[in-house]
Each structure stands twice: as structure tokens, then as C-alpha cells.
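# Remarks on the overall topology
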Amino acid sequence: VKEGPPAAATPARPTPERSCLDYVTLAWVFPVVRAGFFRSLREDEVPPLPQGFESEVLGARAKAVKENTNVWRVIWELNRTSLLIGSLAGATQGLLNTVGRPFVLREILRAAISSDVSNEELIVLIMLFAIIVYAEGFMGVLGMHMLTDVTGTRFGAVISGLVIDKATTRQRDRGRSPAETSIAG
């Protein structure tokens, strides 16, 4: 089999810098959604995959950690930030649901029954209740996003890199070329 010239490499587009607020609120997605709402997106309009999600990068980091420890430690090392943020968001949602909302509702009922409370104070309590409900929902979505989407995507990328590395290592150990390796190993 004669090999042709190497395919022209597509120049890598730099990943745009995103602030923590952009990342947490997914605000970086809005320009892409707006552009793609009325027409098909061109390739240069789709933002590149952040480096933290690339299988090659995660696989290399996982191999470096794996040399000294087990797979669970690798998963923790690569995902601890998203696991901690997701857990903290989930705990915050739980506190808002079980403590914040009932407390403010009790105060709204007391203010509505009492003749000593002005309408302005009652409106402030209702607005506080609306803010708590919004924050509760936001924390729930953030927690699910960090624990399922971010951690799940990274987990898949790490595992695929480790499986491929293991398969190619086993082929080399048997004296075969890694090119002979299939995903079934």
C-alpha cells in the first residue's frame, strides 16, 4: 500500500479565554447560538474544544498520574474541581430549598397577616423569595452540569485515552505494530 502525502493540517484555532462567570453561566455559548439560530454555522464560527476536554491532553495527564496510583485517583485528580463545584452547588441548592425558602415564606405570611408591616416591606420579602427560588434553580442546574456533563465528558475522554494506550501497549508487548490494534484490542 502506497502512502500519499500527509493531509494538510488544519491550523489550530486558539481556545478563547473564558472567565469563571462565562464558564459557570454558559454565557460563552450565546454568540454561537445566536449565529446558528438563523443559518448554518461555518466551521470557523464554532469555538474549539477547550484543552481541558481534549482526549490527548487528558490521556497524557492521566498516564502521568496513573504511574503512581490507581484509576480512581486519576479520576479524582482530573475532575476534582468540577466535582467540588458541583457538590458545593448541590449543597447550596439543598440549603436554599430546605432553609431559605421556608424561612422567607414564613416571614411573608407573618408580614401579610400583620397590620404593622408596610406594603414595601412585603414586596421586598416577595422579591427575596423570587431571588431564592432563582438561585435554587441556578445552583441545581450548575450542580448537575458540573457533575454530569463536565465530569462525564472528561471521564469518557480519559477512559478512551487509557483504553487506546493499553491496547497499543499490549500489541507492542506481543511484538505487533500498534497499527494492527483495533478497539477490541
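Everything that follows concerns the structure shown earlier in this document.
Everything numeric here is computed off the predicted structure, so don't read it as measured data. (Residues numbered from 1 in each chain as written. Predicted model: local features only at pLDDT ≥ 70, side-chain atom pairs only at ≥ 80, totals over all residues. Heavy atoms only, no water.)

### What to know about the side chain of histidine 145
Along the chain, the position of histidine 145 falls in helix H5 (residues 119-173). If near-sequence neighbours (up to four positions away) are discounted, histidine 145 is found in contact with Leu26 and Val150. (Helix = DSSP H or I, 4+ residues; strand = E, 2+ residues; numbered from the N terminus. Contact = heavy atoms within 4.5 Å.)

### Some words on the nonpolar core
Inside soluble globular proteins, nonpolar side chains tend to come together where they are buried. Residues Leu58, Ala62, Val74, Leu78, Ala157, Val158 and Leu162 constitute the largest nonpolar core, which totals seven residues. Of all the elements in the fold, those that place two or more residues in this core are helix H3 (55-66), helix H4 (71-113) and H5. At three residues, H5 tops the list of elements feeding residues into this core. Setting aside its immediate chain neighbours within four residues, leucine 78 contacts Leu58, Arg61, Ala62, Arg154 and Val158. If you look at the next biggest cluster of nonpolar residues, it comprises six residues, including Val104, Ile108, Ala111 and Leu125. (Core = buried A, V, L, I, M, F, W, Y, C linked by side-chain atoms within 4.5 Å. Buried < 20%, exposed > 50% of the residue type's maximum accessible area, 1.4 Å probe, protein only.)

### Considering the packing of aromatic side chains
According to the stated counting rule, one finds two aromatic pairs in the structure shown. Both rings, one in phenylalanine 37 and one in phenylalanine 38, keep their centres 4.7 Å apart while their planes meet at 85°; by these two values the pair is edge-to-face. On the basis of an interplanar angle of 20° and a centroid distance of 6.4 Å, the ring pair of tyrosine 134 and phenylalanine 138 is categorised as stacked. Remark: phenylalanine 138 and tyrosine 134 occur in helix H5; sequence separation between them is four residues, near one turn of the helix. For tyrosine 134, a relative accessible area of 60% puts it in the exposed group. (Phe/Tyr/Trp six-rings, centres within 6.5 Å; stacked < 30°, edge-to-face > 60°.)

### Re the pattern of salt bridges
Counting across every chain of the model gives six salt bridges. A salt bridge links glutamate 45 to arginine 39; its shortest N-O distance comes to 2.5 Å. You can call arginine 39 partly exposed: its relative accessible area is 40%. Across the pair arginine 101 and glutamate 136 runs a salt bridge whose closest N-O atoms are separated by 2.6 Å. Taken together, the residues arginine 101 in helix H4 and glutamate 136 in helix H5 connect sequence positions 35 residues apart. Overall, the relative accessible area of 27% leaves arginine 101 in the partly exposed class. For glutamate 136, a relative accessible area of 6% puts it in the buried group. Linked by salt bridges that have partners in common, Arg39, Arg42, Asp44 and Glu45 make up one network. (Salt bridge = Lys/Arg side-chain N within 4 Å of Asp/Glu carboxyl O.)

These results come straight from atomic positions and should not be treated as a statement about function.
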